[in-house]
Structures are given as structure tokens and as C-alpha cells.
Amino acid sequence: MEKDARPNWENPMQFVLACVSYAVGLGNVWRFPYLCQMHGGGGFLIPYLIMLVLEGVPLFYMELAIGQKMRLGSIGAWSAISPYLGGIGLASVLTSLYLCLYYNILNAWSFWYLFNSFQSVLPWAECPLNANMTGPDEECERATPTQYFFYRQTLNISSSIDETGGMHLGQVLCLLLAWVFTFLFTLRGVKSTGKVVYFTATFPYVVLFIYLIRGLTLHGSANGIKFMFTPKMEQLADPRTWVNAATQIFYSLGLGFGSLIAFASYNEYNNNFERQAIVVSMINSGTSIFACIVTFAIYGFKATVNYESCLERTRMLLLNTFDMAEELITQDNVGGWLETLNSTHPEQFAGLSGVLEECDLEAELGNAVEGAGLAFIVYSEGIKNMPLPQLWSVLYFFMLLTIGMGSMLGNVTAIITPLRDFKVVSRNISIEALSALVCVFCLLMGLSFTTRQGNYWFTMFNDYAAGFSLFFIVLVEVVVVSYVYGITRFEKDVEDMLGRKPSWLWKVLLVAVSPALLLCLFIFYIVGYIQGGTPTYKAWDKDLGRSVVMEYPVYGQVFIGLLLVSTISCIPLSALYTYCRRKARPATPEPSQIALREPDAWVVPPSEHCSQE
């Protein structure tokens, strides 16, 4: 095999930027802050950093080594190790496909909010008029303007997953635009992706830094940052904290999706992937913490504004009810006056029980919001209260779009690269046509997320399409490399590429620590899923103006089961198929046995990738 025949990144920096652009995704901006908030603030950083060192970095290192050594996509790389292991790559491709189906709807929402930011008054800053033009819309009054804009004007959401409805034309057009950009960015494979990542990997840091400076100057930002770094150490005893920390590492670094193997397959054979694995992992985790500080600064501002608004409403209620001079009660002493009036005028005070609000800053800060709620509702509410909100809105949603598009490059590459390794595909379909076919297929399948009940299906995919699969795929990967392929052979491969053997620490982590931790976490994940009972989702109740928890219907539960089983079943079914095929034709060499030595009808030689691109 010619080591330099396969198309390569123009320089190592392109590869690093591609990994950073892929790894630094929307999860860094919304999921990590949510997990930090839910699992004890700064206390969550302890299991997160432990999982990063013991799981994230060594597994990232392993996947880069496999891709760089085999110089094939995930299916070809694992099949080259053993003809029975192609199912690992197939499971990775299917998981990436599921991710592609729903991930780009997030970019569609970012486009929608970005376009709506160019207005004199942000549309989520105030409630629109009702149909009679006599006052604010009733649903918006029961909720908040930001919630109304997201659930009604962006999603036009139904009251449950059972209630069907047509597609939202605006979302359809935004999703189409998102897939057009994805296609253009992956049009020429590594040649076009290598150019795009210079922007998608760097621009978000510019915006985050600007937001950090602005966030720190906002009233109440210190409350949010203090809340973030105040640890609740009792959370460390909860297995869910450790499972969520590991899951965040997998999602954030992109382990198990096949994208890292695909990216590394375009490296120079002697590229120093070891240093790059450490650098990218550190950048990714540093970005998560950096974005978390920015998020909590803005979250502190929002919580403080809501808290002070609550105090002001309480103050005015007391002044009007007890006919007091306005200067007597201030926001600083309203708590004392509540106690005083309750003791001196108990009967009159009791009449306020139905309208008197409980103002609690800690409760405002502790109201954990995940996913779209954080990125599109909480941030929007913070932005509308800033001076020049249109400017901050454009910057924020353009940053979200950049981050999302950067991740989509890796997701699509994880699908296209293994397909290009099939000779029958690469000889008959150009890379442009293949990219177009993948993007069109995902677009058509993703249109279901633009319907009125589409957000509930989006939530289902987001919750169940990848988490369980990633644990299983990565566990099988590390066991295969350490015990099937053999750590000794892996060590020689690394030495062949880098000119030196991996240190004893890498071997200990890959052979003992990572497999043992993954197995424990996998068991905890299954136990937690079983104990959780019937899967639930949050449905929007327009009459209450808030989300309510509902159980998935039977068909939804069946679909969740299919999502969980479809990916992991690829591994045993593929091995069974290979066994039956070998048994039926024992004299015929398997494609995976000759994938790296001589061309056949299954795997395209790396040299043909070069000649065709």
C-alpha cells in the first residue's frame, strides 16, 4: 500500500481545526451548562474531568490511531482488523445517520432566529396582539414572549405527539437552507471541508469572548457565576452524575460516531496524532467550561432581573393593599415588611395568599433548563434585556449556526467516507453526487421534524438515538483493540506511525481502566433506563402556558426500542452474516482480508480516491 496515496489534509492544522470544529458543538453551549447546573455546579467538573482523563483522551487517541493506520472509513477500518468486526463501523455510520437526521433542524432554528433578529423590535421581546386586535395573545400572556415565540411561532407545536399537523413552511425553508450549506461544505470531501474549518473552528471563540466581556458587565452576572462554581459534593454519590459526565464526553468529543476515524484517515501516515488527541481534547473541554461561564453570566443576569421584577411586583402589591407611603418599602427591605405585615395585619395579609409570589434568587438560578430551552429561550430572554438586543442576537445565533455547521461536517463525513471506501460506489458515483444523495436523503427524512408534532420526535431522537449506542460501540471498540486485535499489535502500529511506542500509561488506560469504567457505566445506564419506567417527554400546554410531562404512547415506545436495537444489532448481525458467508464459500477470501493489500469489488484502493478527486 502506498502510504501517501490517499487524499490528505493540506497541513496538520486543518485536521486539528476539523476535529475542534466537529467536537465543539451545540452540546458545549447548552448541554454542559445544564448538566453543571443539575449536578451540583462546580462539583460536576470533578467527574467530568476524571472521565475526560480516563475515558475521553485515551479513546480519542485510539480512534485517531485506527483511522490513520488503516486509512479507511469506519466500516473498512474495523473490517480490516477482522472480517467479523465490520458491524462496528456500520453501527457508527447508522448512529451518525440518526444524528444527521435531527441535528440539522437545530441549524434550521438558528437560521429562523437569525433572520428574525433583523427587526426594529425583536419578535420575542413582547407578546403579539390577539386575533381581535384588542390585546395581547392569551397564550403568550400565560407563558412568556420568548416561550411563545419558540413554541408557537417557531414550532407551531401541537399539544402532544398524538396530535398531527402539517409542516411549518418557514422551518422547511430554513432546513433546506441548512442542508444546502452542508452540501456545499462537503461538496469536495476533505478538500472543501479543510477550507471551511478555518472559519467554523475559530469564529465561535470570537463571539464567546465578546459575550464573556459583555456578560461580566451585566447586572447580576456574578450571581450566576457564583452559582456555577459553588459545588454540591453530595451529587458525586449519584451514579447518574458519572453516567452523564461520561455521556457528555462521548457526545462532545464525538467518540463512537466514526467521524474521528474518517478524519484521521486523511492524515499523513506519520502524523503525530498523539499530541493532537491531547490538544483537541483539552481545547474541547476548555471550551465547555468557557461556554459554561458565559452561559451562567447571562443566566445570572436573567435570574436577577426576574428576581428583582418579582420583588417589585410584591412591593407594589403591599403598597396598594396596605395603603402605605411608597418610600417605606424598597426591594431591599420587602422581605422584612412581609414578616412585619403578616404579624400586625394577619387577616388582611391572609387575603394575599392567592396572589403573593415567592421571590427566591436561588430558585431562579436552580431552575435547570436543557437543550433548546437553554439555547433558544433562556438566551433569547437574556438578549432582549440587553442594550442593542438586535446586535447581540445576530452575533449569538450566527455563532450557534457556525458551531452547528461545524459539527455537521463531521457527521456527514462519517457517512460519506465509509461509503466512498466501497469500490462499487466510488467507481460509479462521484463524491459530489454522493454528497448530494446523502444530503437530499437526510433532508427528506428530516422534514418530519418540521411538522407540528416534530419537536416531540426530535426529542425522542435526541434522547435515545445515540446515548445507549455510543456506550456499547465504544465499549466494543476498546475491547476489540485491546484483546482481539491485541494491545501488542496496536503498540507496533503506533510505533510504525510515530517512530516510538506508546507510553505505559496509554496501555494501562486502554487495557484495564477504560474497559472497566465503560462496562460499569454501561450497566448503570441500563439499570437507570429500566428503573426510569415508561419513557416520558415534555409537551407544550397552550392553556397553561408551560410544558407538562407526558408518557410516550405505545408506538412511541416501540420506536424508541427500534432506535436502541437497530444500531447495536449491526455488530452481531454483521458478524453472523460474515460467518455464514465464509462457511458457504470457505475458499473465497473476504474483502476485509484484502482491503489493505489488493483491490477487489468491495473496497476501493486509496490511490483511486486520489485519482477520482
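Quantities reported herein were computed from a predicted structural model and do not represent experimental measurements. All residue numbers here refer to positions counted from 1 along the written sequence of the relevant chain. Per-residue local features of the predicted model are confined to residues with pLDDT of at least 70, and side-chain atom pairs are confined, for both listing and counting, to 80 or more; whole-chain, interface and lining totals are unaffected and use all residues. The basis for every side-chain value is the complete set of non-hydrogen atoms in the structure, without hydrogens or water.

Time to look at the overall build of the chain. Strands here mean DSSP runs of E at least two residues long; helices mean DSSP runs of H or I at least four residues long; both are numbered from the N terminus. Assigned secondary structure in the chain consists of 29 helices and 2 strands. Note that the radius of gyration is over C-alpha atoms, with the globule rule given as 2.2 Å times the number of residues to the power 0.38. In summary, the chain has a C-alpha radius of gyration of 26 Å against a globular reference of 25 Å for 613 residues, a match within 12%. Partitioning the contacts of the chain with sequence separation of at least 6, the portion at a separation of at least 24 is 81%. By the convention used here, residues are in contact when the closest approach between their heavy atoms is within 4.5 Å.

Taken N-terminus to C-terminus, the directions of helix 2 (residues 26-38) and helix 12 (residues 239-253) make an angle of 175°; their axes are 11 Å apart at the nearest point. By the criterion of interaxial angle, the relationship of helix 2 to helix 12 is roughly antiparallel. In this structure, helix 2 contributes Gly27, Asn28, Arg31, Phe32, Leu35 and Met38 to the contact, and helix 12 contributes Asn244, Thr247, Gln248 and Ser252. When residue character is reported, Ala, Val, Leu, Ile, Met, Phe, Trp, Tyr, Cys and Pro are called nonpolar, Asp, Glu, Lys and Arg charged, and the others, Gly included, polar. Of the residues assigned to the contact of helix 2 with helix 12, the class counts are 3 nonpolar, 6 polar and 1 charged. Angles shown run from 0 to 180 degrees and are taken between the N-to-C directions of axes, each axis being a line fitted to C-alpha atoms and, for helices, limited to the stretch in contact. The labels follow the angle: roughly parallel below 35 degrees, roughly antiparallel above 145, roughly perpendicular from 65 to 115, and oblique for the rest.

Each disulfide consists of one covalent bond between the sulfur atoms belonging to two cysteines. Disulfide assignment relies on a single distance test, namely cysteine sulfur atoms paired within 2.5 Å. A full pass over the atoms with the stated rule returns 2 disulfides. Sulfur-sulfur distance for the disulfide between Cys127 and Cys140 comes to 2.0 Å. Measuring handedness by torsion sign, the sulfur bridge of Cys127 and Cys140 sits at about -85° and is left-handed. Note that Cys127 is positioned in the loop between helix 5 (86-116) and helix 6 (138-142) and Cys140 in helix 6, a separation of 13 residues in sequence. Partly exposed residues are those whose accessible area sits between 20% and 50% of the maximum for their type, while under 20% is buried and over 50% is exposed, using a 1.4 Å probe and protein chains only. Taking the relative accessible area as the measure of exposure, Cys140 reaches 1% and is therefore buried.

This paragraph deals with the packing of aromatic side chains. Classification of ring pairs rests on two measures: the distance between centres of Phe, Tyr or Trp rings, Trp counted by its six-membered ring, which must be within 6.5 Å, and the angle between planes, read as stacked under 30 degrees, edge-to-face over 60 and tilted in between. Going through the model one piece at a time under the given rule, you end up with 51 aromatic pairs. On the basis of an interplanar angle of 65° and a centroid distance of 6.0 Å, the ring pair of Phe181 and Phe185 is categorised as edge-to-face. Here Phe185 and Phe181 lie together in helix 8 (residues 169-185), a separation of 4 residues that amounts to about one turn. Residue class for Phe181 comes out partly exposed when judged on its relative accessible area of 32%. Look at Phe449 and Phe461: their rings are 5.5 Å apart centre to centre, the planes differ by 90°, and that puts the pair in the edge-to-face class.

The next point concerns the pattern of salt bridges. Whenever Lys or Arg places a side-chain nitrogen within 4 Å of a carboxyl oxygen from Asp or Glu, that contact is recorded as a salt bridge. Overall, the coordinates contain 9 salt bridges when judged by the stated rule. The shortest N-O distance in the salt bridge between Asp493 and Lys69 comes to 3.7 Å. Here Asp493 is found in helix 24 (residues 487-498), whereas its partner Lys69 is found in helix 3 (residues 45-70), with 424 residues between them in sequence. Put simply, Glu163 and Arg452 hold a salt bridge, and the shortest N to O gap is 3.4 Å. In this pair, Glu163 sits in the loop between helix 7 (145-154) and helix 8 while Arg452 sits in the loop between helix 21 (431-446) and helix 22 (454-464), placing the two residues 289 residues apart along the sequence. By relative accessible area, which is 29% here, Glu163 ends up partly exposed. Judged by relative accessible area, Arg452 falls into the partly exposed class, the value being 23%. Connected through shared salt-bridge partners, Lys69, Asp493 and Asp496 make up one network.

For the rest of this paragraph, the subject is the environment of Thr340. Here Thr340 lies in helix 15 (residues 334-344). With a relative accessible area of 36%, Thr340 lands in the partly exposed category. In this structure the C-alpha to C-alpha distance between Thr340 and Leu114, which are 226 residues apart in sequence, comes to 49 Å.

Another aspect to go through is helix 23 (residues 467-484). Its 18 residues place the ends of helix 23 25 Å apart at the C-alpha level, agreeing with the 26 Å of an ideal helix rising 1.5 Å per residue. Counted residue by residue, helix 23 has 14 buried out of 18 residues, so it is predominantly covered. One or two steps after helix 23, the chain reaches Gly486, where phi turns positive at roughly 100°. Expected span of a helix, by definition, is 1.5 Å for each gap between consecutive residues, and there is one gap fewer than residues.

Let us now look at unusual backbone geometry. Positive phi, normally seen in glycine, also occurs at Arg71, with a value near 55°. Structurally, Arg71 is set in the loop between helix 3 and helix 4 (74-81). Phi is positive for Asn156, close to 45°, though the residue is something other than glycine. Relative to the elements of secondary structure, Asn156 occurs in the loop between helix 7 and helix 8.

To continue, consider the side chain of Lys302. Along the chain, Lys302 falls in helix 14 (residues 273-322). Given the relative accessible area of 12%, Lys302 is considered buried. Dropping the residues within four chain positions of it, Lys302 is found in contact with Val378 and Glu381.

The next subject is the side chain of Ser285. Of note, Ser285 is situated in helix 14. If we ignore the near neighbours within four places in the chain, the residues touching Ser285 are Tyr48 and Leu52.

Right, let's talk about the confidence of the model for the chain for a bit. Here the chain averages 85 in pLDDT, while 93% of its residues score no lower than 70. For every residue, the predictor reports its confidence as pLDDT, a number between 0 and 100. With pLDDT under 50 throughout, residues 590-613 is counted as low confidence; its partners more than four residues away or in other chains account for 62 contacts.

Moving on, we get to the packing of helix 14 against helix 15. How two helices sit against one another is set out by the angle between their axes and by the gap between those axes. In the contact formed by helix 14 and helix 15, the axes pass within 10 Å of each other and the chain directions differ by 40°. As for the relative orientation of helix 14 and helix 15, their crossing is left-handed in sense. Two secondary-structure elements touch here, helix 14 through Leu311, Thr314, Arg315, Leu318 and Phe322 and helix 15 through Val334, Trp337, Leu338 and Leu341. Across the contact of helix 14 with helix 15, the residue classes break down as 7 nonpolar, 1 polar and 1 charged. Two helices cross in a left-handed way if the nearer one is turned anticlockwise from the farther one by less than a right angle. They cross in a right-handed way if the turn is clockwise.

In short, DSSP must find at least two bridges between two strands for them to pair. Sheet topology note: the strand 1 (residues 536-541)/strand 2 (residues 546-551) ladder contains 6 bridges and is antiparallel. Paired with Trp540 across the strands is Ser547, a residue of strand 2. Here strand 1 hands over to strand 2 after 4 residues, with Gly545 in that stretch at a positive phi of 75°.

Every patch collects residues that have over 30% relative accessible area and no salt bridge, joining them within 9 Å if they carry like charges and within 5 Å if they are nonpolar side chains (Val, Leu, Ile, Met, Phe, Trp, Tyr). Note on areas: these come from Shrake-Rupley sampling with a 1.4 Å probe, and a residue is covered only by the protein chains present in the view. Side chains of Leu169, Leu173, Leu176, Val180 and Leu184 sit close together on the surface and give an oily, nonpolar patch of about 460 Å² of accessible area. Here Val180 shows up in helix 8.

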